[in-house]
Amino acid sequence: MVLRFAEKTPEIGETETSSVLLQEVSKTFGETTAIPRLNLEVKKGEFFSLMGPSGCGKTTVLRLIAGLEAPDEGSIVIGNAITGKMEVAGSVWVQPEKRGIGLVFQDYALFPHMTVSDNVGFGLIKCGGSKRKQKVMELLDMIGLLAIAQRYPHELSGGQQQRVALARAMAPAPQVMLLDEPFSNLDADLRMELRAETKRILKTSGTTAILVTHDQAEAFSLSDRIGLLNHGRLEQVGTPDEIYHRPLTRFVARFAGRADFVAGRVEGDLVVSVIGNFPLEEPLDPAVKRKLAEVEIMIRPDDVAFVVDPQGAASLLEAEFTGSEIIYKIMLQDGKMIHAIRSSTSRFEVGCKINVEINPEHLVVFAA
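This one's a predicted model, so the numbers in the text were calculated from it and none came from an experiment. Just so you know, the residues in each chain are numbered from 1, in the order the chain's sequence is written. The predicted origin of the model limits local features to residues at a pLDDT of at least 70 and limits the giving and counting of side-chain atom pairs to 80 or more, whereas totals for whole chains, interfaces and linings rest on all residues. With hydrogens and water excluded, all non-hydrogen atoms of the structure serve as input to the side-chain values.

Looking at helix 1 (residues 58–66)
Inference 1: Residue exposure (1.4 Å probe, protein chains only): buried if accessible area is under 20% of the type maximum, exposed if over 50%, otherwise partly exposed. Helix and strand assignments follow DSSP, with helices taken as H or I runs no shorter than four residues and strands as E runs no shorter than two, numbered in order from the N terminus. Counting buried residues along helix 1, 7 of its 9 residues qualify, which places the element largely inside the surrounding structure.
Inference 2: Immediately downstream of helix 1, the backbone of Gly67 shows phi near 90°, a positive value.

With respect to the sheet that holds strand 10 (residues 225–230)
Inference 1: Two strands are said to pair when DSSP picks up at least two bridges between them. The 6 strands are arranged 7-8-9-4-10-11 in an open sheet whose pairing can be described as mixed. Two strands in the sheet have a free side with no partner beyond their single neighbour: strand 7 (101–104) and strand 11 (233–238). Each strand of the sheet is rotated relative to its neighbour by a mean of 20°, with strand direction disregarded.
Inference 2: Of the strand pairs in this sheet, strand 10 and strand 11 are connected by 5 bridges, and their pairing is antiparallel. Residue pairing in the sheet places Leu228 in a bridge with Gln236 of strand 11.
Inference 3: Residue contacts are counted whenever heavy atoms from the two residues lie within 4.5 Å of one another. Geometry is summarised by axes, namely lines fitted to C-alpha atoms with helices restricted to the contacting stretch, and by angles between N-to-C directions that run from 0 to 180 degrees. Helix-sheet contacts for helix 4 (residues 158–170) involve strand 7 and strand 8 (176–180), and the interaxial angle to strand 7 is about 170°.

Comments concerning the side chain of Ser344
Inference 1: Within the secondary structure layout, Ser344 lies in the loop between strand 19 (337–343) and strand 20 (353–358).
Inference 2: Here the side chain of Ser344 touches Gly323 through a polar contact of 3.0 Å, landing on its backbone oxygen.
Inference 3: With residues up to four places along the chain from it excluded, the contact list for Ser344 reads Phe321, Gly323, Ser324, Glu325 and Ile326. In the analysis that follows, any N or O atom pair within 3.5 Å is treated as a polar contact, provided that within protein one partner can donate a hydrogen and the other can accept it, and provided that, for residues neighboring in sequence, both atoms belong to side chains.

Some thoughts on the environment of Asp224
Inference 1: Of note, Asp224 is situated in the loop between helix 6 (216–222) and strand 10.
Inference 2: Note: C-alpha distance between Asp224 and Glu46 (178 residues apart in sequence) is 6.3 Å.
Inference 3: Excluding residues that lie within four positions of it along the chain, Asp224 makes contacts with Gly45, Glu46, Phe47, Lys203, Thr239 and Pro240.
Inference 4: A polar contact of 2.6 Å, which involves the side chain of Asp224, links it to the side chain of Lys203.

Here's the deal with the packing of helix 4 against helix 5 (residues 188–205)
Working note: a packed helix pair is described by the angle between its axes plus the distance between those axes.
Inference 1: Two numbers describe how helix 4 lies on helix 5: the axes approach to 11 Å, and their chain directions differ by 15°. With respect to their mutual orientation, helix 4 and helix 5 come out roughly parallel. Seen from above, helix 4 lies across helix 5 with right-handed handedness. Here helix 4 contributes Gly159, Gln162, Arg163, Leu166 and Met170 to the contact with helix 5, which in turn contributes Leu190, Glu193, Leu194, Thr198, Ile201, Leu202 and Ser205.
Inference 2: Each residue gets one of three labels, nonpolar for Ala, Val, Leu, Ile, Met, Phe, Trp, Tyr, Cys and Pro, charged for Asp, Glu, Lys and Arg, and polar for the others, Gly among them. For the contact of helix 4 with helix 5, the per-class residue count stands at 6 nonpolar, 4 polar and 2 charged. Here the angle decides the label: under 35 degrees means roughly parallel, over 145 means roughly antiparallel, 65 to 115 means roughly perpendicular, and every other value means oblique. We call a crossing left-handed when the near helix sits turned anticlockwise from the far one by less than a right angle, and right-handed when that turn is clockwise.

Quick word on the pattern of salt bridges
Inference 1: We count a salt bridge whenever a side-chain nitrogen from Lys or Arg sits within 4 Å of a carboxyl oxygen from Asp or Glu. Counting across every chain of the model gives 13 salt bridges.
Inference 2: Arg163 is the salt-bridge partner of Glu193, the closest N and O atoms lying 3.1 Å from each other. Taken together, the residues Glu193 in helix 5 and Arg163 in helix 4 connect sequence positions 30 residues apart.
Inference 3: Taking relative accessible area as the criterion, Arg163 reaches 18% and is therefore assigned buried.
Inference 4: Glu218 is the salt-bridge partner of Arg195, the closest N and O atoms lying 3.5 Å from each other. Of this pair, Arg195 sits in helix 5 while Glu218 is found in helix 6, placing the two residues 23 residues apart along the sequence. For the pair Arg195 and Glu218, a shared accessibility class is recorded, and that class is buried.

Functional significance is not addressed by these values, which are geometric in nature.
Written as structure tokens, this is what we have:
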């Protein structure tokens, strides 16, 4: 079992290994503070996702990095360039077009009057004619659209437009790529295909990528690390596995996948609850035990198993069919509800009695 009783502040690393570094960055709009003193490090070559609910400040952070918004306080380091408020020591305002950043938006923002080839080559105006043409052809070949180089955006599917937008952003070889929910307008199958393709392209080129999304599956499948924002504050930064299995706060636990909470109590070196008694990962001193006597145990549905037993203490209340899986709603003997995920080929009758078994490896305990 993993005990989590205190929130942690993300550590800031050295700029030599960072592609993007935000230090004490704040941004307000009127009387609303969108970003309060944010510290964030994105490493070179990393695929980093900013995840959180609508209105949490994700896009504002992206716009601050891009230079489309200026911070009220703090500094932003991109490579070796420091930008921020003019009062920040060593800080010089760097225009967006000089930051070495590529941008891919939700609506792709392609130029409708330009062909695919011209859209991709738009950022290569300073290149010579032959060199520019060669670079464009290489990029179109990389994204699999060389055969439709002379078509216009309105003649393309949504997936093709997304690829063109990505190639256009990559053409000047940016050191950082910013992606603002670029897959949200695509259907489910195409979205999965283009996620994988985008990650492959960016990893192959060694480009640092920062994705803004509210889609947990998207962030988990693409990211080396994820930063979870809540009202402009970083609740946690970690690998997808850490975010899902070792959340530091209840907000992270609830946002990064389905989570149920069961009341428990610290007794000696055990946490005692209706779902079982579990040893603490580290023994607690008596003073801490008294303070944290009442706790809540977070359980993920994939850590809940059950067996049918006519004498069982729990029962199946509902079954939600999702395609490949069925999510079962379980009522425990004390009336508390939790969920379990089983393959859709394993069907159980709603209303039957069961015994519940919990995998304690990923349980997380919070102070009540």
